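A structural walkthrough
Listed below are the residues making up each chain.
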Amino acid sequence: SIPKGLTDIAHAADVFAFQLGQLGTDYVDLYMLHTPPQDPAQLQALWQIMERFYEEGRAKALGVSNCDVKELQFILGFARIPPAYVQNLFKIYKPGEQIFTDDVVEFAHANQMVF
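Figured I'd write up the structure that's included with this text. (Residues numbered from 1 in each chain as written. Predicted model: local features only at pLDDT ≥ 70, side-chain atom pairs only at ≥ 80, totals over all residues. Heavy atoms only, no water.)

**Some remarks on the packing of helix α1 (residues 12-23) against helix α2 (residues 40-55)**
Packing of α1 against α2 brings their axes to within 10 Å, and their N-to-C directions diverge by 40°. Classified by the angle their axes make, α1 and α2 are oblique. Between α1 and α2 lies a crossing of right-handed hand. Contacts between α1 and α2 pair Ala12, Ala13 and Phe16 from the former with Leu46, Ile49, Arg52 and Phe53 from the latter. Of the residues in the contact of α1 with α2, the class split is six nonpolar, no polar and one charged. (Axes fitted to C-alpha atoms, helices over the stretch in contact; angles between N-to-C directions. Helix = DSSP H or I, 4+ residues; strand = E, 2+ residues; numbered from the N terminus. Parallel < 35°, antiparallel > 145°, perpendicular 65-115°, else oblique. Left-handed = near helix turned anticlockwise from the far one by under 90°. Contact = heavy atoms within 4.5 Å. Nonpolar A, V, L, I, M, F, W, Y, C, P; charged D, E, K, R; others polar.)

Here it is, written out as structure tokens:
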């Protein structure tokens, strides 16, 4: 996954190559963007980098984590390759800390994303 808080997107391709090397493979089934950046331009740039990994066959599917409906709508507004998976924080014993609402689940399912 793209590490949470990656500040310089210029390193995203190097991070991905390093991760593939650590796994001893040339592709992954799913590559996730964990906690999208607050800056919409940075989010779009990171997603476009991830789309390149997909187009190169190095990621078979793309996903996001810790997104709300507004962020998912934004991504779908520009993505050539939409997220296939959404994974949000859910802590059964700390209900105030989760990023899990029915509207996110409904939105994901309505847009052919696995939640």
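**Quick word on a nonpolar patch on the surface**
On the surface, a cluster of nonpolar side chains totalling about 240 Å² of accessible area is made up of Leu30, Tyr85 and Val114. With respect to the helices and strands, Leu30 occurs in the loop between α1 and β1 (31-34). Residue classification places Leu30 among the partly exposed positions, given a relative accessible area of 33%. (Patch = residues over 30% accessible without salt bridge, like charges linked within 9 Å, V, L, I, M, F, W, Y side chains within 5 Å. Areas by Shrake-Rupley, 256 points an atom, 1.4 Å probe, with all protein chains shown as cover. Salt bridge = Lys/Arg side-chain N within 4 Å of Asp/Glu carboxyl O. Buried < 20%, exposed > 50% of the residue type's maximum accessible area, 1.4 Å probe, protein only.)

**So, the packing of aromatic side chains**
This model, assessed by the stated rule, comprises four aromatic pairs. Consider the rings of Phe16 and Tyr31, whose centres lie 4.4 Å apart with planes at 65°: the pair is edge-to-face. One end of the pair, Phe16, is in helix α1; the other, Tyr31, is in strand β1, with 15 residues separating them in the sequence. Relative accessible area serves as the criterion here: at 1%, Phe16 is assigned to the buried category. A relative accessible area of 2% places Tyr31 in the buried class. Seen from their ring centres, Tyr31 and Phe53 are 5.8 Å apart, and the 80° between their planes marks the pair as edge-to-face. Here Tyr31 is found in strand β1, whereas its partner Phe53 is found in helix α2, with 22 residues between them in sequence. (Phe/Tyr/Trp six-rings, centres within 6.5 Å; stacked < 30°, edge-to-face > 60°.)

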